[in-house]
Amino acid sequence: MKNDFSKGSITKNIMRLAIPMTVAQLINVLYSVMDRIYLGMLPEDATLSLTGIGVALPIITLVSAFTNLFGMGGAPLCSIARGRGENEEAECIMGNSFVLLVGVGVLLTILGLLFKKPLLFLFGASEATFQYANDYISIYLCGSLFVMIGLGMNGFINAQGFARVGMWTVILGALVNMILDPIFLFVFHMGVKGAAFATVIAQSVSAIWVMQFLTSERCQLKLKLKCFRLKKERVKQITGLGLAGFIMAVTNGSVQIICNATLAQFGGDLYIGVMTIINTIREVVVMPVQGLTNGAQPVIGYNYGAKQYHRVKEAIRFTSIVCIIYTLVVWGGLNTWPQVFIKCFTQETEVLYATVDALKIYFFGFFMMAFQFAGQSVFVALGKSKQAVFFSLLRKAIIVVPLTMLLPHLFGLGHNGVFMAEPISNLIGGIACFTTMCIVVGKELKEGNSKDRTLER
């Protein structure tokens, strides 16, 4: 069987997937990051344009949430089924995920366009920033179906071991985006509309590439019409497992909304812009961790399905150690050279100095996030939806949201209280998630090994 993850070095199997997936994840962030960098270079209204996109982020996050629900829910199940040798079922899982992505994508486009105005004001838009947010999100929503197909179905390419193909899905879109952004912004002077058009066109190219590969002869598990028929139990499994990624994205969106609303009260448009910059930096620096954990998931899921439990433990150990080392290095870099990162998005002195202070608070103890990522990815890879969902809710909904609303009112913290909520949640949520994973999964893998040895005798 091609791409048999039960053979060879675990480290090499993970890195063979993780390196191209990390590159792909990093490039994927460039869709939004490049928009923000170029907008920050505009001679007029740069800060208002940047803040307008920040206000629109919760709607974009909602699109990502539903992409996670069906894409991240289906891909690990596909890996487990492939490890068991059930290729027909793996194709049906992929087909059902595709139908769900398309159906919900169309629905989100319609609802988003109908309710965008009240939503943007709810999410922190002011009279000064509404037009910029509205211009961007109106165009983005028209291409949200391409976003969902490109990102959601790319996981099924990676699940089959074709990480380089999955990487090119993102590279092609990013190249298109980076070429079109400066043309639309600085040649045609289209402002945020140009940034949105560039993103939508780029995502369309990615979606076409994904569909071409998943229907080609080179692909092991193909997208077939006969697999489009939804089956209740299969849909339940997909959404059950994808609920963790969905909740993580929705709670991220909720946090963005609450942060914007609270910062509007305690800091105004300036600090909403600061949070937009910090969120962008965060998106970039967590990409290698996400790439590694996403690369480990097909390997962990495949070996779990093949009952190679000792290899599952080895994969978990390797992934966790690398995540912790990387986040420690990033934390040191952000504290030592914060202005290097911030100047990519703004040259305005007031914004720069405000962001430096906020960034150091927000990223304090950043290495604790590695425990959350490692534990969460293992639960998803093994199909443990209940634990994955709970810890998604714990860190953001149960910890960050209340702290974001409460801390600014305590001890005169003001806007600093908003930025303090993140490191506190990383500490509590990260330790709780990783410790639970070690206990629950460790016990199951130990029992599985004991049963296998008994059967061999």
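Our subject is the structure that appears above.
The model shown is predicted, which means the values in this text are computed figures rather than measured ones.

K.L.:
Before we move on, can you summarise the overall build of the protein chain with the specific residues and values?
P.N.:
Broken down by element type, the protein chain carries 16 helices and zero strands. Whereas a compact globule of 457 residues would reach a radius of gyration of roughly 23 Å, the protein chain reaches 22 Å, a difference of no more than 12%. For the protein chain, the proportion of its 457 residues judged to be buried stands at 59%. For the protein chain, the exposed surface amounts to about 18,600 Å²; the carbon and sulfur share of it is 66%. In the protein chain, 36 positive and 24 negative side-chain charges are present, and the distance between their average locations comes to 12 Å.

K.L.:
Lay out the nonpolar core with the relevant residues and their values.
P.N.:
By size, the foremost hydrophobic cluster in this structure holds 144 residues, and its most contacted members are L120, M153, L214, I281, I300, F363 and F419. Broken down by element, the residue count for this core peaks at 16 residues, all from helix 2 (residues 46-83). Counting six residues, the second-largest nonpolar core is a separate cluster that includes A24, I27, M167 and I171.

K.L.:
Would you mind going over a nonpolar patch on the surface in detail, with residue names and values included?
P.N.:
Taken together, the side chains of V106, L107, I110, L111, L114 and F115 define a hydrophobic patch exposed on the protein surface, amounting to about 560 Å² of accessible area. Residue position: V106 is located in helix 3 (residues 87-122).

K.L.:
Give a description of the side chain of T355 that names residues and reports values.
P.N.:
Topologically, T355 is positioned in helix 13 (residues 349-362). The residues contacting T355, other than those within four sequence positions of it, are V274, I277, I278 and I342.

K.L.:
With reference to specific residues and values, describe the side chain of S79.
P.N.:
Position of S79 relative to the elements: it lies in helix 2. Look at S79 and you get buried, because its relative accessible area is 2%.

K.L.:
Residue-level account of the pattern of salt bridges, with values.
P.N.:
Where side chains of opposite charge bring their charged atoms close, a pairing between them can arise. A complete count under the given rule lists five salt bridges for this structure. A salt bridge links E89 to R234; its shortest N-O distance comes to 3.1 Å. Taken together, the residues E89 in helix 3 and R234 in helix 8 (residues 232-266) connect sequence positions 145 residues apart. Residue class for R234 comes out buried when judged on its relative accessible area of 10%. Among the salt bridges present, the one from E422 reaches R282, with a minimum N-O distance of 3.7 Å. Separated by 140 residues along the polypeptide, E422 in helix 16 (residues 415-456) and R282 in helix 9 (residues 269-285) bring together distant segments of the chain.

K.L.:
Before we move on, could you go through the packing of helix 2 against helix 3 and cite the residues and values that matter?
P.N.:
One way to put it is that helix 2 packs onto helix 3 with a least axis distance of 9 Å and a crossing angle of 175°. Comparing their axes, helix 3 and helix 2 come out roughly antiparallel. Of the residues belonging to the contact of helix 2 with helix 3, the class tally is 18 nonpolar, five polar and one charged.

K.L.:
I'd like to hear about empty space enclosed by the protein, residue by residue, with values.
P.N.:
Tallied over the full model, the rule gives two cavities of 30 Å³ or more. The space that makes up the second largest cavity amounts to roughly 50 Å³. For the second largest cavity, the full set of lining residues is G54, L57, Q256, C259, N260, I272, M275, T276 and N279. Looking at the lining of the second largest cavity, the element that brings in the most residues is helix 9, giving four residues. A breakdown of the residues in the lining of the second largest cavity according to their chemical character gives four nonpolar, five polar and no charged.

K.L.:
Report on unusual backbone geometry, specifying residues and quantitative values.
P.N.:
Of note, the phi angle at K307 is positive, near 65°, even though the residue is not glycine. By the secondary structure assignment, K307 is in the loop between helix 10 (287-305) and helix 11 (309-336). The phi dihedral of F411 is positive, around 55°, even though this residue is not glycine. Within the fold, F411 resides in the loop between helix 15 (385-406) and helix 16. The exposure class of F411 is exposed, given its relative accessible area of 79%.

K.L.:
Which residues make up the packing of helix 14 (residues 369-381) against helix 15, and what values go with them?
P.N.:
The interhelical angle for the contact between helix 14 and helix 15, taken along N-to-C directions, is 155°, at an axis separation of 8 Å. Taken together, the axes of helix 14 and helix 15 lie roughly antiparallel to each other. Both helix 14 and helix 15 take part in a crossing whose hand is left-handed. In contact with M369, Q372, Q376, F379 and V380 of helix 14, helix 15 contributes Q387, A388, F391, S392 and R395.

Quick notes on the rules
- Residues numbered from 1 in each chain as written.
- Predicted model: local features only at pLDDT ≥ 70, side-chain atom pairs only at ≥ 80, totals over all residues.
- Heavy atoms only, no water.
- Helix = DSSP H or I, 4+ residues; strand = E, 2+ residues; numbered from the N terminus.
- Rg over C-alpha atoms; globule rule 2.2 N^0.38 Å.
- Buried < 20%, exposed > 50% of the residue type's maximum accessible area, 1.4 Å probe, protein only.
- Areas by Shrake-Rupley, 256 points an atom, 1.4 Å probe, with all protein chains shown as cover.
- Lys, Arg positive; Asp, Glu negative; His and termini not counted.
- Charge placed at Lys NZ, Arg CZ, Asp CG, Glu CD.
- Core = buried A, V, L, I, M, F, W, Y, C linked by side-chain atoms within 4.5 Å.
- Patch = residues over 30% accessible without salt bridge, like charges linked within 9 Å, V, L, I, M, F, W, Y side chains within 5 Å.
- Salt bridge = Lys/Arg side-chain N within 4 Å of Asp/Glu carboxyl O.
- Contact = heavy atoms within 4.5 Å.
- Axes fitted to C-alpha atoms, helices over the stretch in contact; angles between N-to-C directions.
- Parallel < 35°, antiparallel > 145°, perpendicular 65-115°, else oblique.
- Nonpolar A, V, L, I, M, F, W, Y, C, P; charged D, E, K, R; others polar.
- 1 Å grid on protein atoms, 1.4 Å probe; cavity = no way out; pocket = protein on both sides within 12 Å on 5 of 7 lines; lining within 4 Å.
- Points joined across faces, edges and corners; volume = space filled by probe spheres on them.
- Left-handed = near helix turned anticlockwise from the far one by under 90°.

Read these as layout, nothing more, since geometry by itself doesn't imply function.
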